[in-house]
Amino acid sequence: MKLNIALLAGDGIGPEVIDQAVKVSDAIATKFNHEITWKPALTGAAAIDAVGEPYPDATHDICVASDAVLFGAIGHPKYDNDPSATVRPEQGLLKMRKKLGLFANVRPTFTFPSLLDKSPLKRERIEGTDLVFLRELTGGIYFGEKGRRDEGETAFDNCVYTRAEVQRLAIKGFELAMTRGKKLCCVDKANVLETSRLWRETVQAMEKDYPEVEVSYEFVDAVAMRLVQWPNSYDVLITENLFGDILTDEASVISGSMGLMPSASVGTENALFEPIHGSYPQATGLNIANPMATVLSAAMMFENFGLQEEGKAIRAAVNKALDAGFVTEDLADGGKAYGTKEVGDWLAANI
Ligand code: IPM
Ligand code: MN
């Protein structure tokens, strides 16, 4: 297969982890006879520094013309403590999601047998955990009208959802559940929020189209609690943008390291693959960041093209590295820690 992939390394550790994912993907291309053309483009603080805009039109054009986007991370500390900054790297990410129509963020949480004791949760609570969050990504409070009034003394962020936005996300949820454990949890706050009542009513009306899927409705606060009590009781969860942002960070540490969890953001035309960890500025350039989440994001990318064997080969190499202890310092646990680049080389050599 010929693949054109937009490569948005971004900020912080983004470029380092992206390099490893490229290396591993190229090894896959050699082994399975694919031809990958990488199209690097600027985003985040790196793009603000270069052209004054976190998601430049030139980058958007490259993304639109590509078959998929592989993304590193964005964010820079110089913006974090400056509420008055008018251009922020994160705006680039939101703009990109909106302009590319990436309305569904797929965030799996699964465990690795060799890491069961690294989780902050007890082994018996997490064994068998294999869940997927589908977070709505282009609506809700992140995109509603926001502003200040009363001379800046009052601030507001509106949360708005349309039935169509809920439906298209829920369709993905039902369809994914059908390929897995056939359980779907709609996470909302329908006891308080009108948008949540629209979510619940919309999903309830869709149940009849998927009679095999067992649907539950749970309040977001209860889900936050159950996720650390019985994460293995969930299969597919669908939720709105803000709830999904928070719960997927919570879920991501269950596996033992946030540095392991990949994600996909999909829409009707394009798809983007990225690790769920952020730009980890403290580690920038130190060759210590765990590249596995980005490498596993590349696995999701291949699988999204229908290339299941390629995805499997990457997952197998990652599992082999974990079993062999060929890991970065976040997973080394007092043992030998390898560099970002060395782990990338090892994974590529083991494809
Ligand atoms: C994420 C990130 C982003 C989000 C930020 C950087 C805007 O936290 O992908 O979860 O909140 O969506
Ligand atoms: Mn987040």
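Residues numbered from 1 in each chain as written. Chains lettered and ligands numbered in written order. Predicted model: local features only at pLDDT ≥ 70, side-chain atom pairs only at ≥ 80, totals over all residues. Heavy atoms only, no water.

- In the annotation of an unreviewed UniProt entry, the protein chain is listed under the name 3-isopropylmalate dehydrogenase and assigned to Polaribacter atrinae.
- According to the UniProt record, the Subcellular location (unreviewed entry) comment for the protein chain reads "Cytoplasm". (UniProt positions renumbered as here; feature names shortened; annotations may be inferred.)

## With respect to the pattern of salt bridges
Pairs may arise between side chains of opposite charge once their charged atoms sit close together.
Then, number 1: Under the counting rule described, the total for this entry stands at 23 salt bridges.
Then, number 2: Taking the shortest distance from any N to any O, the salt bridge between Asp-130 and Arg-180 comes out at 3.5 Å. Here Arg-180 lies in the loop between helix 7 (163–178) and strand 8 (183–188) and Asp-130 lies in strand 5 (residues 130–136), a separation of 50 residues in the sequence.
Then, number 3: You can call Asp-130 partly exposed: its relative accessible area is 40%.
Then, number 4: Residue Arg-180 is classed as partly exposed on the basis of its relative accessible area, which comes to 26%.
Then, number 5: Put simply, Arg-135 and Asp-245 hold a salt bridge, and the shortest N to O gap is 3.6 Å. Pair noted here: Arg-135 is in strand 5 and Asp-245 is in helix 10 (residues 241–252), with a separation of 110 residues, a long-range link. (Salt bridge = Lys/Arg side-chain N within 4 Å of Asp/Glu carboxyl O. Helix = DSSP H or I, 4+ residues; strand = E, 2+ residues; numbered from the N terminus. Buried < 20%, exposed > 50% of the residue type's maximum accessible area, 1.4 Å probe, protein only.)

## A short note on the UniProt feature "binding site: substrate" (unreviewed entry) in the protein chain
Then, number 1: The positions that UniProt labels "binding site: substrate" (unreviewed entry) are, in the present scheme, Arg-97, Arg-107, Arg-135 and Asp-221. For this annotated set, covering 125 residues, the C-alpha atoms extend up to 26.5 Å from each other, a dispersed arrangement in space. Of the annotated positions mentioned, Arg-107 line the largest cavity.
Then, number 2: Mapped onto the secondary structure, Arg-107 falls in strand 4 (residues 104–110).
Then, number 3: Given a relative accessible area of 7%, Arg-107 falls into the buried group.
Then, number 4: Side chain to side chain, Arg-107 and Asn-105 meet in a polar contact 2.7 Å long.
Then, number 5: Mapped onto the elements of the fold, Asp-221 is located in helix 9 (residues 220–229).
Then, number 6: Of the residues examined, Asp-221 reaches a relative accessible area of 44% and is grouped as partly exposed.
Then, number 7: Here the side chain of Asp-221 touches Lys-189 through a polar contact of 2.9 Å, side chain to side chain. (1 Å grid on protein atoms, 1.4 Å probe; cavity = no way out; pocket = protein on both sides within 12 Å on 5 of 7 lines; lining within 4 Å. Polar contact = N/O pair within 3.5 Å; in protein donor to acceptor, adjacent residues only side chain to side chain.)

## Points about the layout of surface pockets
Then, number 1: Of the voids in this model, the largest pocket is the one considered here, and its volume is about 710 Å³.
Then, number 2: Val-106, Leu-176, Met-300, Glu-303 and Asn-304 are the residues nearest the centre of the largest pocket, which is lined by 28 residues in total.
Then, number 3: Mapped onto the lining of the largest pocket, the elements with two or more residues apiece are strand 4, strand 5, helix 7, strand 11 (262–266), strand 12 (271–275), helix 11 (292–304) and helix 12 (308–324).
Then, number 4: Residues belonging to the lining of the largest pocket are distributed by class as follows: 13 nonpolar, seven polar and eight charged.
Then, number 5: Mapped onto the domain boundaries, the lining of the largest pocket takes at least three residues apiece from domain 1 (1–109 + 258–351) and domain 2 (120–255).
Then, number 6: If you add up the space inside the second largest pocket, you get close to 560 Å³.
Then, number 7: Around the second largest pocket sit 27 residues that line it, and Ile-74, Glu-90, Leu-93, Arg-97 and Asp-245 are the ones nearest its centre.
Then, number 8: Counting only elements with at least two residues in the lining of the second largest pocket, the list comes to strand 3 (68–73), helix 4 (77–80), helix 5 (89–99), helix 10 and strand 12.
Then, number 9: Among the elements that line the lining of the second largest pocket, the one with the most residues is helix 5, at five residues.
Then, number 10: Of the residues that make up the lining of the second largest pocket, three or more belong to each of domain 1 (1–109 + 258–351) and domain 2 (120–255). (Points joined across faces, edges and corners; volume = space filled by probe spheres on them. Nonpolar A, V, L, I, M, F, W, Y, C, P; charged D, E, K, R; others polar. Domains from an automatic or database assignment.)

## Some points on the packing of aromatic side chains
Then, number 1: Under the defined criterion, the tally for this structure stands at five aromatic pairs.
Then, number 2: An angle of 90° between the planes, with centres 5.4 Å apart, marks the rings of Tyr-161 and Trp-199 as edge-to-face. With a gap of 38 residues between them, Tyr-161 in the loop between strand 7 (154–157) and helix 7 and Trp-199 in helix 8 (residues 194–206) connect regions that are remote in the sequence.
Then, number 3: Residue classification places Trp-199 among the buried positions, given a relative accessible area of 1%.
Then, number 4: Aromatic side chains Phe-326 and Tyr-338 sit 3.7 Å apart centroid to centroid with 20° between the ring planes, which places their arrangement in the stacked category. You can see Phe-326 sitting in the loop between helix 12 and helix 13 (329–332) and its partner Tyr-338 sitting in the loop between helix 13 and helix 14 (340–349), a full 12 residues away along the chain.
Then, number 5: Classification of Tyr-338 by relative accessible area gives partly exposed; the value is 24%.
Then, number 6: Through successive ring pairs, a cluster of aromatic residues spans Phe-326, Tyr-338 and Trp-346. (Phe/Tyr/Trp six-rings, centres within 6.5 Å; stacked < 30°, edge-to-face > 60°.)

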